[in-house]
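Analysis of the macromolecular model
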Amino acid sequence: MKAEDGITILKIGGSVITDKSADDGAAKHDEIERIATEISGFDGRLIIVHGAGSFGHPQAKRYALTEKFDAKGAIITHNSVKNLNRFVINSLNKAGVNAVPVHPLGNTVCENGRIVQMFIEGIRIMLENGFVPVLHGDVVMDTVLGISILSGDQIVPYLAMQLGAERIGIGSAKDGVLDNDGKTVEAITSSNFRDIEKYIGASENTDVTGGMLGKVDELLKLCETSSITSYIFNAAKNGNVSKFLNGDDIGTAITNTGT
Ligand code: IP8
């Protein structure tokens, strides 16, 4: 790894590494291990953010955390997603990646659900020293609501802006954003978003943070303020995480080029 290498941010969706239809944490350990092995082949500066899947969404829903403050529910939800993070960290370390956990609960403040502050100096130093920080969707403190649910989908563009990331990949369980015929949409820009928006289905499982539409929305906002193109691709397909990390443009590009 060279210090001048650009930063890559990879999100691994909760639907890829957990059984999202379960009503309590059910991890797909084989998938976590496969993805960890694919990541171990990468030699650049990398940040991983993973979703919560059944380790966060059902718990947040059970305690209605997007509607009201509930301290006990917040702790239960955080502890659950922290367990998933431990599985991810362990598999990455086993595969030879120097992965370290960064729990947003401890370093992030939101206002009405939007990040207003994140202590990222630690992440910067981790990257300089060859560590791979692994963040995740989490419960965080909120200046207005007390606590809010912060999606990994919001963390990714925030970090990309703050750290000037070069490449962003969102590994979901679908072949990118699909059109009405189930075909992958090649590129989404702010010009064609309104047409494509109607195809973007809601998540089949419990998702308190907006599913695919939430992802596209966050990445389009990033495009408006930067020239960073993001790729939404299928991380459940063997080899796709490696392909993305090796520089292939796969899945759907969310971009502002050509607008
Ligand atoms: O799965 C959600 O994060 P996401 C976080 O990245 C919780 O949207 C705790 C439900």
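So, the sheet that holds strand β3 (residues 99-101)
Taking strand neighbours across the sheet as the criterion, the eight strands line up as β3-β6-β2-β1-β9-β11-β12-β10 in an open arrangement whose pairing is mixed. Both outer strands of the open sheet, β3 and β10 (187-188), are each paired with one neighbouring strand and no more. As judged from the six bridges shared by strand β1 (residues 7-12) and strand β2 (residues 45-50), these two strands associate in the parallel manner. By the bridge assignment for β2, threonine 8 is matched with leucine 46. In this fold helix α7 (residues 152-163) packs onto β1, β2, β6 (132-136) and β9 (167-172), with an angle of close to 180° to the strand it touches most, β1.

Some words on the sheet that holds strand β5 (residues 114-118)
An order of β5-β4-β7-β8 is seen for the four strands of this open sheet, with the pairing classed as mixed. What marks the edges here is a single partner per strand, and that holds for β5 and β8 (146-150). The average angle at which neighbouring strand axes cross in this sheet is 45°, direction not considered. In this structure, strand β4 (residues 108-111) lies alongside β5, joined through four bridges in antiparallel fashion. Considered in β5, the bridge of valine 109 is made with glutamine 117. Contacting β5 and β8, α7 crosses the sheet at an angle of about 50° to β5.

Concerning the nonpolar core
With 38 residues, the main nonpolar core has Ile9, Ile47, Ile123, Leu159, Val177, Ile188 and Val216 as its most contacted residues. Elements supplying a minimum of two residues to this core: β1, β2, β5, α6 (121-128), α7, β9, α8 (193-197) and α9 (211-225). Other than its neighbours up to four places away in sequence, isoleucine 188 contacts Val177, Phe193, Ile196, Val216, Leu220, Thr252, Ala253, Ile254 and Thr255.

Things to note about the packing of helix α2 (residues 29-40) against helix α4 (residues 71-94)
It is at 8 Å that the axes of α2 and α4 come closest, and there the two elements cross at 45°. Taken as axis vectors, α2 and α4 run oblique relative to one another. Pair α2 / α4 crosses with right-handed handedness. The segment α2 lies against α4, with His29, Ile32, Glu33, Ala36 and Ile39 engaging Leu84, Phe87, Val88, Ser91, Leu92 and Lys94. Class assignment for the residues of the contact of α2 with α4 results in seven nonpolar, two polar and two charged.

Considering the packing of aromatic side chains
Aromatic ring pairs are reported here in terms of the distance separating the ring centres and the angle at which the planes meet. For the coordinates displayed, the defined rule picks out two aromatic pairs. Ring geometry for phenylalanine 55 against phenylalanine 87: centres 6.1 Å apart, planes inclined by 80°, an arrangement best described as edge-to-face. Taken together, the positions of phenylalanine 55 in the loop between β2 and α3 (57-62) and phenylalanine 87 in helix α4 put the pair 32 residues apart, joining distant regions of the chain. Looking at phenylalanine 87, the relative accessible area reads 24%, which means it is partly exposed. Centre to centre, the rings of phenylalanine 233 and phenylalanine 244 are 5.4 Å apart; their planes meet at 20°, and the pair counts as stacked.

Considerations on the site of the ligand
Of all residues adjacent to the ligand, which total 13 residues, the nearest are Ala52, His57, Ser151, Gly152 and Thr209. A distance of 3.1 Å separates an oxygen atom of the ligand from a polar side-chain atom of lysine 11. Histidine 57 is positioned with one of its side-chain polar atoms (N or O) 2.8 Å from an oxygen atom of the ligand. Surface burial for the ligand is 97%, taken as the share of its 320 Å² of free accessible area covered by protein chains. Among the residues forming the shell around the ligand, the class breakdown is three nonpolar, eight polar and two charged.

Quick look at the pairing of β1
Most of β1 is tucked away: six of the six residues are buried. Here β1 shows two buried faces, one formed by Ile7, Ile9 and Lys11 and the other by Thr8, Leu10 and Ile12. Where β1 and β9 come together, five bridges link them in parallel fashion. The partner of leucine 10 across the bridge, within β9, is glycine 169.

About the thresholds
- Residues numbered from 1 in each chain as written.
- Predicted model: local features only at pLDDT ≥ 70, side-chain atom pairs only at ≥ 80, totals over all residues.
- Heavy atoms only, no water.
- Pairing = 2+ DSSP bridges.
- Helix = DSSP H or I, 4+ residues; strand = E, 2+ residues; numbered from the N terminus.
- Contact = heavy atoms within 4.5 Å.
- Axes fitted to C-alpha atoms, helices over the stretch in contact; angles between N-to-C directions.
- Core = buried A, V, L, I, M, F, W, Y, C linked by side-chain atoms within 4.5 Å.
- Buried < 20%, exposed > 50% of the residue type's maximum accessible area, 1.4 Å probe, protein only.
- Parallel < 35°, antiparallel > 145°, perpendicular 65-115°, else oblique.
- Left-handed = near helix turned anticlockwise from the far one by under 90°.
- Nonpolar A, V, L, I, M, F, W, Y, C, P; charged D, E, K, R; others polar.
- Phe/Tyr/Trp six-rings, centres within 6.5 Å; stacked < 30°, edge-to-face > 60°.
- Near = heavy atom within 4 Å.
- Polar contact = N/O pair within 3.5 Å; in protein donor to acceptor, adjacent residues only side chain to side chain.
- Areas by Shrake-Rupley, 256 points an atom, 1.4 Å probe, with all protein chains shown as cover.

Read these as geometric descriptors, not functional statements.
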